[in-house]
Every structure is written in C-alpha cells, then in structure tokens.
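Observations on chain architecture
These are the residues of each chain, in order.
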Amino acid sequence: MKVINPRTGEADYEVAPLGAAAVQAEAKRLRAAQPAWAALAPEERSAILHLWAEAVVAHRQPLLEALTLDTGRRRISEIEVDGLPGTIRRWADLAPRLIAQHSRDNQPSAHPTVRNSTRLVPYPLFGAIAPWNFPIVLSTIDAIPALAAGCAALVKPSEVTPRFIAPLMETVAKVPELAAMLSFIEGDAATGQALVEAVDYVCFTGSVATGRKVGEAAARAFIPANLELGGKDPMIVLASADPVQAANLALRASIVATGQACQSIERIYVARTIYRPFLDALVEAAQKVRLNYPDIAMGDIGPFIFGPQGAKVQAQIDEAVAMGAKVLTGGSVETLGGGQYLRPTVIADATADMGVVRDETFGPVLPVIAFDDVEDAIQQANDSVYGLSAAVIAATAEEAESVAVRLEAGAVSINDGSMTSMVWDAENSSFKLSGMGPSRMGESGLLRFFRLQALIRQTGAPLPLAAYAEDAPR
Ligand code: NAD
C-alpha cells in the first residue's frame, strides 16, 4: 500500500497492512504473555514503563524524522515526540497510587459475618485504532494507561501516517518485558476491523462514520467501545470580552495544526457590539500567519496531511460563498511543491444551513456569526450533532462560566480555546455524536481498563437452605 508524502504529494513510502490472520496471531501472542504482566505489582510495571520512556528519549531523532515526514510539520512533531516520555512517566507514576486507592481489602459489609474485597482486574487485551492528525499522541494516549493497568496492547495507527511505527517499535524492542506486551501494527480499515474482533476493549479515535462501524462491530463482539470522534466546536465571545484578545486566541484555537484537530474551534459567535473590531483584528492576525513552505523550519501552519482533505475543505468554502457568505481572507487551497495548503480563512455572513457551520471542517477556517442575544448564541452553539468541546470568552471567568454550563459539550475552555489538547487531567465525556464511553483524561483514563471483582468472604455460618423455606420463622 503506497503512502503519500504531504509536502510533495509523492508516494514515497509503503506499508504492508496486516491481514486478519496476522492480527489474530499477534493478538494470540500478546494474550499469552499478558497474565504475567498483570501479575506484576503496579510498581514493577511502572519501572518497565520508565525504561520505555528512556528508550523513546534515546530514539528521539529517528522518531522525529519519521513523524515529520508523516505530517509535513516539524514543531508539532517535536511536541508529539518529546511529550511521549512525559506521558509514559506520568501514568507510570500515577498508576500504583490509583490502583491502591481503588482496591479494597477485607472491608466490613452490611452483613455482620461477611467481609468484602474489591480487586481491579484488567481487560486482558486492549486495542486502539488511531487517526492521522496527531499520529503518536493518539496512538499512545490510551495504550499507555492500559499497559499501566496490566492490559496487553495492540495498536493500529492510521495508514495515512505510518512512518513513525517502525522507529516506535524499535523503542519497544529495547525493553523486552514490554515488547511481549505491546505492538503497533501497520494496517488499513480491514486491519482495524480485524483488530476489533481480536481484543477485549477497543479505543477508537477518528470520524463519526467510522466510529459508528467500530461501535457496531464492538457490540457484536460484546466488548466495550470507547469512541473519541469528531467535533464542530463553537466559541462564544460575549460583549464584555476584549475583541482583539479574543480574536487572537480564536485564531490560535482554530488554526493550530492547520485546523486538523478534533478540538479546533470551527464556528465563532460574537456579540454584535464587538463584532466589527473582533472581525478586523481576526482578519489582520490571520493575514500574518505564514505557511511552513518552502522551508519546513519556518512558518506557522503546514500542509493538509491527508490530500483529499484539501478538496473537502475547499468544497465547504465554495458552498458557503455560493450561499451568500463572504471570504474576508484566505479561501483558496494552494498546491505548493506538491503539498496542499490553506491560509487561515475568515468567513463572514455564514448561516447555520451552510456546511462550513454545520459539518466538521478539519481545516483552518473560521466562520464568524454575530449575535444580539446571549440566549440565541447558546441555542446556535448547541444546535449541532456534535458535542466535543467549546469555548466562552468574557471579561470575567464567572460570566463566561455562566454560559459554559449551558453548552452541550464535554469540555468548555473559559477565556481560552482548545484547552483539552493541553490539559490532560480534567475528566470529560464526549457529548452527542462526538463520542461514547468513559473519559480518557484524568483518573478514569486508567480506571476504565479494569473490571471490578468482588471477593465476598463469609466468616460466620453460611445460611442454611431452611432460611428460604416458605414456613421458615419470620
Ligand atoms: P477515520 O475514521 O477515517 O480513520 C480512523 C482510523 O480508523 C484509521 O486508523 C483507519 O484505518 C481506521 N478504520 C477505517 N475504517 C475502519 C473500520 N471499518 N473498522 C476499524 N477501523 C477502521 O478518521 P481520520 O480521517 O483518520 O481522522 C480524522 C477524524 O478523527 C476527525 O473526524 C477528527 O475529529 C477525529 N478525531 C477525534 C479525536 C477525539 O479525541 N475526539 C481526536 C483526533 C481526531
């Protein structure tokens, strides 16, 4: 299977997607080793995870080079690669404490002669299916706590960005105890389907359309599916906000990673009293944004990672214009050196029936809509099939929060935007079509990988059958 380079448009890499039989074989290998991993003390697993973090640090350069080729961007690749050891260490350090806190030994019960223990029993084999937009972060974000919990882990990154898999597997190979327990495999949709059938718990990150298929397959396989899907995140800018500051943070929250982030701000509702200065500041700031072309070491935003994404975003912009919206800056996908780029695109006079306001864009596009009444802004923000995250900007956090609590979204940034990409300790659910299942952030990020087993100890005389006899003394 050929892989396209996002900066050149050329097919310069190949993968051999694992077929169903190979996925089953890999699952069997991991399953066979998992009981020994689960039997280790949490501290022993943590020590092994720390060795993996060291191996990642030692292999920084090949990982970085591969991820840069995968994504066509350098700075965010550095953030992904350099962030990985920290994520591994964080879970390695947290897991023993959380496991101890949530396990119960020999507790009294409502029955005087009965004592209870609660054991945390990890799912044997965890599986992950990841998208292309943050290849390393989203291939490891769930697998690391799953490993710390005592699961084995089988991970299928996206076929669009597979170059990092080989160097990442080299880091895994440096730690033999981990290599028995963790595998990143090359593969496409069919490989993902086979993975769902091979594991005991699946975390899927990707589009709603594929998430539905994974959810249905998981239901048939009778395993939990933790789905992290798309979004159409709104930002509400209240009349008390500083319009220039709000415009600058809206721009960052919308266009970082070329808008290819689930938690990007994709529609902005601005109080009409500050609409004009907000829009002027947004256009001015947007026009200063530089493409990372021709020099990857310069500029602010890179190419579309997945080629067809450029045409999809362009079609949304064109439809909005045909329906009466105005492009104030940007607006045309450019092909430069074989890569596809889009400068930040600010759209005024957008309406709720346009795809650019209704559907996920996954590009650096900012439709801005004025509102007169906060109630109307809340209603418009909630008028979506998505409920991933949102943002509210106001003069005070209290005022912003009074609006935030009324938004149908799993995480709301207050006086900032897209904070879920940076803040990993705040538990949040994905509302509506944006997902299903427990939070991957915060403590539940680990605890979701356990089933609870109660050991119910009788210390007195067990009840005789006679206790249930119809004529037993009452
Ligand atoms: P996608 O749904 O096309 O693919 C995701 C993964 O699913 C890939 O690895 C793909 O090979 C695999 N796949 C495809 N069909 C499958 C099937 N039938 N069974 C099993 N696996 C299958 O998503 P994408 O285009 O790679 O990523 C972009 C999407 O991901 C956007 O919608 C974005 O919002 C979403 N996303 C969500 C989050 C989040 O945390 N909520 C984070 C990042 C991206």
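Since the structure is predicted, the reported quantities are computational estimates derived from the model, not experimental observations. (Residues numbered from 1 in each chain as written. Predicted model: local features only at pLDDT ≥ 70, side-chain atom pairs only at ≥ 80, totals over all residues. Heavy atoms only, no water.)

1. Thoughts on the pattern of salt bridges
- All chains considered together, the criterion is met by 22 salt bridges.
- The salt bridge partner of Glu 80 is Arg 73, with a shortest N-O separation of 3.6 Å.
- With a relative accessible area of 3%, Glu 80 lands in the buried category.
- Here Arg 73 falls in the buried class, since its relative accessible area comes to 6%.
- Between Glu 78 and Arg 75 there is a salt bridge, with its nearest N and O atoms 3.1 Å apart. Taken together, the positions of Glu 78 and Arg 75, both in helix α4 (residues 75-102) and 3 residues apart, correspond to about one turn of that helix. (Salt bridge = Lys/Arg side-chain N within 4 Å of Asp/Glu carboxyl O. Buried < 20%, exposed > 50% of the residue type's maximum accessible area, 1.4 Å probe, protein only. Helix = DSSP H or I, 4+ residues; strand = E, 2+ residues; numbered from the N terminus.)

2. Some words on the sheet that holds strand β4 (residues 114-122)
- With antiparallel pairing, 3 strands are arranged side by side in an open sheet as β3-β4-β22. Pairing within the sheet leaves two strands with one partner each, and these edge strands are β3 (104-108) and β22 (450-458). When strand polarity is set aside, the average angle formed by the axes of neighbouring strands in this sheet is 25°.
- Alignment of β4 against β22, held across 9 bridges, turns out to be antiparallel. (Pairing = 2+ DSSP bridges. Axes fitted to C-alpha atoms, helices over the stretch in contact; angles between N-to-C directions.)

3. A short note on the packing of aromatic side chains
- For the coordinates displayed, the defined rule picks out 6 aromatic pairs.
- When the ring of Trp 132 is compared with that of Phe 306, the centres are 5.9 Å apart and the planes differ by 40°; the resulting orientation is tilted. Here Trp 132 is found in the loop between β5 (125-129) and α5 (135-140), whereas its partner Phe 306 is found in the loop between α12 (272-287) and α13 (308-322), with 174 residues between them in sequence.
- Owing to a relative accessible area of 12%, Trp 132 belongs among the buried residues under this scheme.
- Judged by its relative accessible area of 31%, Phe 306 is partly exposed. (Phe/Tyr/Trp six-rings, centres within 6.5 Å; stacked < 30°, edge-to-face > 60°.)

4. A look at the site of the ligand
- Close contacts around the ligand come from 29 residues, with Ala 130, Glu 159, Ser 207, Leu 229 and Glu 360 the closest.
- A distance of 2.9 Å is found between an oxygen atom of the ligand and a side-chain nitrogen or oxygen belonging to Lys 156.
- The protein chains hide 89% of the 860 Å² of surface that the ligand would expose on its own.
- When residues of the shell around the ligand are traced back to their parent elements, those giving at least two are α9 (189-198), β8 (201-205) and α10 (208-221).
- Counted by class, the shell around the ligand contains 13 nonpolar, 9 polar and 7 charged residues.
- Two domains each provide a minimum of three residues to the shell around the ligand, namely domain 1 (2-229 + 434-456) and domain 2 (233-275 + 293-310 + 336-342 + 352-421). (Near = heavy atom within 4 Å. Polar contact = N/O pair within 3.5 Å; in protein donor to acceptor, adjacent residues only side chain to side chain. Areas by Shrake-Rupley, 256 points an atom, 1.4 Å probe, with all protein chains shown as cover. Nonpolar A, V, L, I, M, F, W, Y, C, P; charged D, E, K, R; others polar. Domains from an automatic or database assignment.)

Don't take any of this as a statement about function, it's just geometry.
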